[in-house]
Amino acid sequence: LLIASPKSQGWESSTFGTIESSQTGDGGPLELQDDSFHTFASNNDGIRSKSSLSQATVNIVKMCIGTGVLAIPFAATEGGLIFHVLGTGLLFLWNYHSVKLLIQSEQCIDLALKKKVIASFSHLESQDSLSTSSSTNDSCLRTTEHQVGPQQSTFSKIAAEAFGSTGMHAVDCSMIFLMFGIIIAYEDAVLGFMEQTEISTGSVRMDALCLIIIMIPILLLPSYESAAKISALGNWLIFIVFSVIGYYGIQANGLEGFHKLTSRSSISMWPRSITSFSKWFGIVVFSNGIVPFTYELKESIEEPRLMMVATRRSSWIVFITYSLIGCIISLVFVSGIQSDVISCLPQVGYLPAIIRISMAIVVLTSLPLTIIPLGMLIHSKVTAILNTADAPQGANEAFASRLIMASICAIISVEVPNFVYVVSFIGCFCVAFISFVYPPMLHMTSIYKFCSVEDRMSKTRLLIYDIVLIVFGLIVVALTSVLTFLGMIEQIQNKR
């Protein structure tokens, strides 16, 4: 983030917003133009169209209710009906608080940098020398001391300011691991859908090879905006899928599950074990992964200050949806759900086959939404390590990197068990850490590093809350990650 060269009528910066000097005769104080000063704002904010509050709410809902929702009934079966509703509500509150911590941390760091810039410009005016400006900019105004590239996300930039380059690389590596996990889970889902249709070759490895070949035109897309329009249809298809599955379930089992619920029969209401809790936890966390994309969502809203309102409204919608889907489908298939809901469809029939193939297409068109940002992130890391210019990838280079990543993930997805176990582990190991441990760490660090002693003392209670959340989050992440990983290994061994 660099300050542009001085101009005759004041100072301008494309990244920091506009900072103008009241050019009085004696060199008056600098004035910030209301809310235009955003240290971490994206460089293309002026180009991208902004969304209203209602549009932002819908965008968050669509982001949450994606392919991961196919595993929600399995999570409800593992967690128990009462616990599923109560636990999902608590996790959504935890997510909401994490989003709030990230935004407060950004505001704290942003305010400190504002004061730093204002003080530096005041010093420049008092010196009244342009020769002094470049040295002062290098020492006082520079916020790139942690080598943040221009292509880095706001998430990475804030991590660099709070934790230095090491912290930024750690956060980026966590995001890389998360995106690799999402791709593996989605490819695993597609292979599972194909295996249950007539288009399967009968060999999962041959199916994986066919999957890579089919993905080649998708990987050639210039940007993920092209795929977003197609994958948006998946939200409607998901509701159709659950409607059809509910119909087949009632046709096969009747209302037996609802009768058992009213008669207080053997319907699981609570987790049967800690392992069952871990599976439930990972799936629900994965299916509400809003926290890692907080800053991108905030920057896409016309009025960023309404981010928490959009988060609260969307959380209510997704919470109600997950509660209803999980409980109703679990009651319809009262004997238990052992995988994603697609596996509950009959093996024969045109309608089940059409739904499986349609869901496979939707998942495939959603993959560029993860593969393209992953390629850009890895490219920025490689250029930083090689100390070369952080230039955009060429078309051929981008396609080659995407194809390599998709192939690696396809190979791994052949060996791992079904979709729900992968989603559960990724949710516990990656999403939970970024959503529940990192935000209080960032919040606590930003208070210690960027707040005055007086402000720090007034926020003692908040710091205690942060420490409690960090410790509790680490325990939950470590415990559930180990249990879901062991469960995944057990499924791999049983598969062989």
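For the structure, see preceding data.
A. Representation of the overall build of the protein. Secondary structure assignment for the protein yields 18 helices and three strands. Classification of the 496 residues of the protein by burial places 52% in the buried group. On the protein, roughly 23,200 Å² of surface is accessible, and the fraction owed to carbon and sulfur atoms is 64%.

B. Focus on the nonpolar core. Within the largest apolar cluster, 122 residues are counted, with the highest numbers of intra-cluster contacts made by Phe281, Met359 and Phe419. Those residues in contact with Phe419 that lie beyond four places of it in its chain are Thr67, Gly68, Leu70, Ala71, Ala185, Tyr186, Asp188, Ala189 and Asp340.

C. Quick look at helix 2 (residues 72-79). Of all eight residues in helix 2, eight are buried, a share of seventy percent or more. Buried within helix 2 we find Ile72, Pro73, Phe74, Ala75, Ala76, Thr77, Glu78 and Gly79. Within two residues after helix 2, Gly80 carries a phi angle of roughly 90°, on the positive side.

D. Focus on a nonpolar patch on the surface. A cluster of nonpolar residues, Met206, Leu209, Ile213, Ile216 and Leu220, forms a patch on the protein surface that exposes about 450 Å² of accessible area. As for its placement among the helices and strands, Ile213 is situated in helix 6 (residues 204-219).

E. A look at the environment of Gln104. Relative to the helices and strands, Gln104 resides in helix 3 (residues 81-127). Taking relative accessible area as the criterion, Gln104 reaches 31% and is therefore assigned partly exposed. Along the backbone, Gln104 and Ile447 are 343 residues apart, and their C-alpha atoms lie at a distance of 9.7 Å. Only 3.3 Å separates the side chain of Gln104 from the side chain of His443, close enough to count as a polar contact.

What counts as what
- Residues numbered from 1 in each chain as written.
- Predicted model: local features only at pLDDT ≥ 70, side-chain atom pairs only at ≥ 80, totals over all residues.
- Heavy atoms only, no water.
- Helix = DSSP H or I, 4+ residues; strand = E, 2+ residues; numbered from the N terminus.
- Buried < 20%, exposed > 50% of the residue type's maximum accessible area, 1.4 Å probe, protein only.
- Areas by Shrake-Rupley, 256 points an atom, 1.4 Å probe, with all protein chains shown as cover.
- Core = buried A, V, L, I, M, F, W, Y, C linked by side-chain atoms within 4.5 Å.
- Contact = heavy atoms within 4.5 Å.
- Patch = residues over 30% accessible without salt bridge, like charges linked within 9 Å, V, L, I, M, F, W, Y side chains within 5 Å.
- Salt bridge = Lys/Arg side-chain N within 4 Å of Asp/Glu carboxyl O.
- Polar contact = N/O pair within 3.5 Å; in protein donor to acceptor, adjacent residues only side chain to side chain.

Coordinates in, geometry out; function isn't part of it.
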